[in-house]
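# Per-entry structural report
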Amino acid sequence: AAPRGMTVRMWVEVGGGTPVRERPWGRVVGRKTRGALLRLDGIADGWGRLEEDFVETDAECVTASSLGFALDSEGEEEELQLLEGWVLLDGRDLGLPRQRRVHCHEF
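Presented here is a report on the structure given in the accompanying data block.

### Quick word on the side chain of Lys32
Looking at the element boundaries, Lys32 is found in strand 3 (residues 28-32). Separated by 2.7 Å, the side chains of Lys32 and Glu52 make a polar contact. In contact with Lys32, other than residues within four places in its own chain, are Val12, Gly17, Thr18, Val20, Leu38, Leu50 and Glu52.

### A word on unusual backbone geometry
At Trp25, a position not held by glycine, the phi torsion is positive, near 65°. Relative to the assigned elements, Trp25 resides in the loop between strand 2 (18-21) and strand 3. In the Ramachandran plot, Asp45 falls in the positive-phi region, its phi being about 50° despite a non-glycine side chain. Within the secondary structure layout, Asp45 lies in the loop between strand 4 (37-44) and strand 5 (47-50). Classification of Asp45 by relative accessible area gives exposed; the value is 78%.

Analysis parameters
Residues numbered from 1 in each chain as written. Predicted model: local features only at pLDDT ≥ 70, side-chain atom pairs only at ≥ 80, totals over all residues. Heavy atoms only, no water. Helix = DSSP H or I, 4+ residues; strand = E, 2+ residues; numbered from the N terminus. Polar contact = N/O pair within 3.5 Å; in protein donor to acceptor, adjacent residues only side chain to side chain. Contact = heavy atoms within 4.5 Å. Buried < 20%, exposed > 50% of the residue type's maximum accessible area, 1.4 Å probe, protein only.

Here it is in structure tokens:
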């Protein structure tokens, strides 16, 4: 496992991409496509925590960085609930294809 504070990079390997969940086994808040390079800052029980936050909008969940500094119609900072992003590292024991591949022997 990666120590806290240490970044691990992994490629998304599965053909259809991989869901990003708000917590291990939680609801889906996004999706990473095949070939995406993920930066993980924590690994626990077969799950990796992404180094990016997600927010829920009326229509969908998006990365917090894609919204930038959000202001409401009166010029006040919007209150956005930040969600973590978690990905399953290897689903082969669940009958799924291999999900990730380590980038350049980091792990």
